[in-house]
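Each chain is listed here by its residues.
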Amino acid sequence: MRTMKSVGWWILAISVFLVVFPCTLALAFGLMLSGVLTPIAGIGNVVAHLAGWEGHLFALGTIPLSPWLALPVSIVVGALLLGLGWLSWKATVVIYRWLMSLKPHAEPTYPDSYSMPAV
């Protein structure tokens, strides 16, 4: 019976490590990276505007945003993306701990050359 539990755990562990973890880790990395880069792009947009460039890097649908309006929007969107990335990372950690809590514990085996420890 212990062997079947162990085989079942390994099937679940392999499935989680091959499918779930790559998805949650890539999502966490992408969201956190985007969360950091979005405010930087907003600051770059304001700097470009101050330098005399009149292009619009940010738009709300089809409506272009002025650099002064795009800056707080980019900071808020960046914070939301960073928060979602952090939640995805925390979900990965929770899934890992849950999987490790399911792992069947093997009973210790003693080689023939050693005697059983006294209780």
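Given the structure is predicted, the values throughout are model-derived calculations rather than measurements. (Residues numbered from 1 in each chain as written. Predicted model: local features only at pLDDT ≥ 70, side-chain atom pairs only at ≥ 80, totals over all residues. Heavy atoms only, no water.)

(A) Highlighting the nonpolar core. Judged by nonpolar contacts, Trp 9, Ala 13, Val 16, Phe 21 and Leu 99 together constitute the single largest core of 5 residues. For this core, the element with the highest residue contribution is helix α1 (residues 2-50), accounting for 4 residues. (Core = buried A, V, L, I, M, F, W, Y, C linked by side-chain atoms within 4.5 Å. Buried < 20%, exposed > 50% of the residue type's maximum accessible area, 1.4 Å probe, protein only. Helix = DSSP H or I, 4+ residues; strand = E, 2+ residues; numbered from the N terminus.)

(B) Quick look at the side chain of Thr 38. In this fold, Thr 38 is placed in helix α1. Reaching out from Thr 38, the side chain makes a polar contact with the backbone oxygen of Ser 34 at a distance of 2.7 Å. Here Thr 38 is in contact with Phe 58, Ser 74, Val 77, Gly 78 and Leu 81, once residues within four sequence places are set aside. (Polar contact = N/O pair within 3.5 Å; in protein donor to acceptor, adjacent residues only side chain to side chain. Contact = heavy atoms within 4.5 Å.)

(C) Broad picture of the confidence of the model for the protein chain. Averaged over all residues, the pLDDT of the protein chain is 86; the fraction at 70 or higher stands at 86%. Mean pLDDT in the protein chain bottoms out at strand β1 (residues 59-60), which sits at 74, and peaks at helix α2 (residues 67-102), which reaches 93. (pLDDT = per-residue confidence, 0-100.)

(D) Structural context of the packing of aromatic side chains. As enumerated under the stated definition, the model contains 4 aromatic pairs in all. On the numbers, 4.9 Å between centres and 85° between planes, the contact of Phe 17 with Phe 21 is edge-to-face. Pair noted here: Phe 17 and Phe 21 are both in helix α1, with a separation of 4 residues, about one helical turn. Take Phe 17: its relative accessible area is 39%, and that puts it in the partly exposed class. Owing to a relative accessible area of 6%, Phe 21 belongs among the buried residues under this scheme. Taking the centre distance of 6.4 Å and the plane angle of 40° together, the rings of Phe 21 and Tyr 96 count as tilted. Within this pair, whereas Phe 21 is found in helix α1, its partner Tyr 96 is found in helix α2, the two being separated by 75 residues in sequence. Given the relative accessible area of 40%, Tyr 96 is considered partly exposed. A connected cluster of aromatic rings, assembled from ring pairs, spans Phe 17, Phe 21 and Tyr 96. (Phe/Tyr/Trp six-rings, centres within 6.5 Å; stacked < 30°, edge-to-face > 60°.)

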